[in-house]
Amino acid sequence: MPADKAAYDLDIRTGERRIRAALSEAVRAPFWLEDPGRPAPQPWFTGSTDTDLLVIGGGYCGLWTALQAKEARPERDVVLVESAEIGWAASGRNGGFVEASLTHGPENGRRYFAEDLGVLERLAEENFEGFRESLLRHGIEAEFEEDGSLLVATEPHQEEWMRGGEGEGEFYDRERLATLVRSPLYRAGLFTRDGNALVHPAKLAWGLKAACLRLGVRIHEHTPVTGITDQGGSVRAITDNGVIRARQVVLATNGFPSLLKRNRFLTIPVYDYVLMTEPLTPAQLEEIGWQGRFGISDTSRQFHYYRKTADDRILWGGYDAVYHRGGRIRPDQDQRPETFNRLADHFLRTFPQLGDVRFSHAWGGMIDMSTQLAAFQGTAMGGKVAYSSGFTGLGVAATRFAGTVMLDLLAGADTPRTRLRMARRRPLPIPPEPILYPAVQIIRRAIAASDRNGGRDGVILKAANMLGFSFDS
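To start, this report covers the structure provided alongside it. Everything numeric in this text was worked out from a predicted model, so none of it was measured. (Residues numbered from 1 in each chain as written. Predicted model: local features only at pLDDT ≥ 70, side-chain atom pairs only at ≥ 80, totals over all residues. Heavy atoms only, no water.)

Some points on the nonpolar core
L53, L80, V98, F131, L204 and L208 are the most contacted members of the largest nonpolar core, which totals 53 residues. The set of elements that each furnish at least two residues to this core consists of β1 (47-56), α2 (60-72), β2 (78-81), α4 (117-137), α7 (201-215), α10 (395-411) and α11 (421-424). Formed by 36 residues, the second largest nonpolar core is a distinct cluster that contains A22, V152, Y273 and A344. (Core = buried A, V, L, I, M, F, W, Y, C linked by side-chain atoms within 4.5 Å. Buried < 20%, exposed > 50% of the residue type's maximum accessible area, 1.4 Å probe, protein only. Helix = DSSP H or I, 4+ residues; strand = E, 2+ residues; numbered from the N terminus.)

Notes on the packing of α4 against α10
Two elements in contact, α4 and α10, have axes separated by 9 Å at closest approach and are oriented at 100 degrees. By the angle between their axes, α4 is roughly perpendicular relative to α10. Across the interface between the two elements, L123, N127, G130, F131 and S134 from α4 touch V396, A397, A398, R400 and F401 from α10. A per-class count over the contact of α4 with α10 returns 6 nonpolar, 3 polar and 1 charged. (Axes fitted to C-alpha atoms, helices over the stretch in contact; angles between N-to-C directions. Parallel < 35°, antiparallel > 145°, perpendicular 65-115°, else oblique. Contact = heavy atoms within 4.5 Å. Nonpolar A, V, L, I, M, F, W, Y, C, P; charged D, E, K, R; others polar.)

A word on unusual backbone geometry
The peptide bond linking E433 to P434 adopts the cis configuration, its omega dihedral lying at 5 degrees. Its location among the elements puts P434 in the loop between α11 and α12 (436-452). Backbone geometry at M381 places phi at a positive 50 degrees, although glycine is not the residue there. Of note, M381 is situated in the loop between β17 (376-380) and β18 (385-389). For M381, a relative accessible area of 19% puts it in the buried group.

Below, the structure written as structure tokens:
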């Protein structure tokens, strides 16, 4: 056997052993949801009741909507029902990145919302400020940190793009970037100070729940709604153990199958996966030079995102955006060993200084992806039902904005928010199975090829963009 081949095989085996060791004790559950401050669930709904506003869904979108509805009109009776527990799904599993953008970034904004960009930028700033002020006003302790965001280049074409001034933020070359964080893969970076923050995602959901309860929102957990029907002057919602009659309804079920049949092909459940390290020591943090509290992501189409927690763990996620055949949402799909191995490998390549690190948690969760990679809103049943979905991984702050849009729509108000394209037109529908699964795999392969080929879109991605079909996480 040639010496170089033997050395290569040894390196592969060594890398595999390191990955197995790093993941050997990882708990297969979301780190955030294990917090000792997790509140007890509210009682499930039984019997019959009437209400002014029924909110279906207890994630960020439903919670923000219910909270703002009571703030605007304290006398309004609001009921919020959640099929499981508040924050158990995407709202308690995400990376905790709070981004002002309502369009999934400038490029996607230009592609789908060019006529609204100026208004959207202003509304995004207002919403981000409102997000911050709401946490302060309601005393929500969600570990909110506003320390900026770093976008790193790991390939020559990404560095060239940054040097060309096309991206947003302050440019850092390799040498200067090492004063913020050190990795042998980094070539350059863009640091943005405004419009970015970090939170503990589950604490945010639980804090919003507590604020809603203080304002008088009636919350019922473990209360799935199985159907809604138009009753003329009201909407009738059927639960497992009762009936709720509401003058108006908000659907905030996001990636779960919509209670409106016409919306069921507007989003698909895409799974994202995450690792969390054990707490790093001061010496380990010094090895990588990451002393700030900013979040980091790379510039690839298949990108990674990572951030530090309050106790100096590193959350590391992204890269694989997985659509499971058939579009079903199942607990077993929260685990994907091949993705965990890949993420661990990428982490150790990015920070080889942390070669003996251990991951304490590994988990996954569903993202509600739309073909325009940004949320949409609308109404049904004669304006008595409002809905929003399709946040595509950027819903921590955008869900608050969606709540304001839905409340405007239910009020029949003509506002800058209701005049937006995303509130007037639905995105391109997603093709059904059996077409969808192979189509997604073709696009995923095309995205991977784009990363390998200097970021250039091939024929498939160009055609998909022309048709208005985007795929991301």
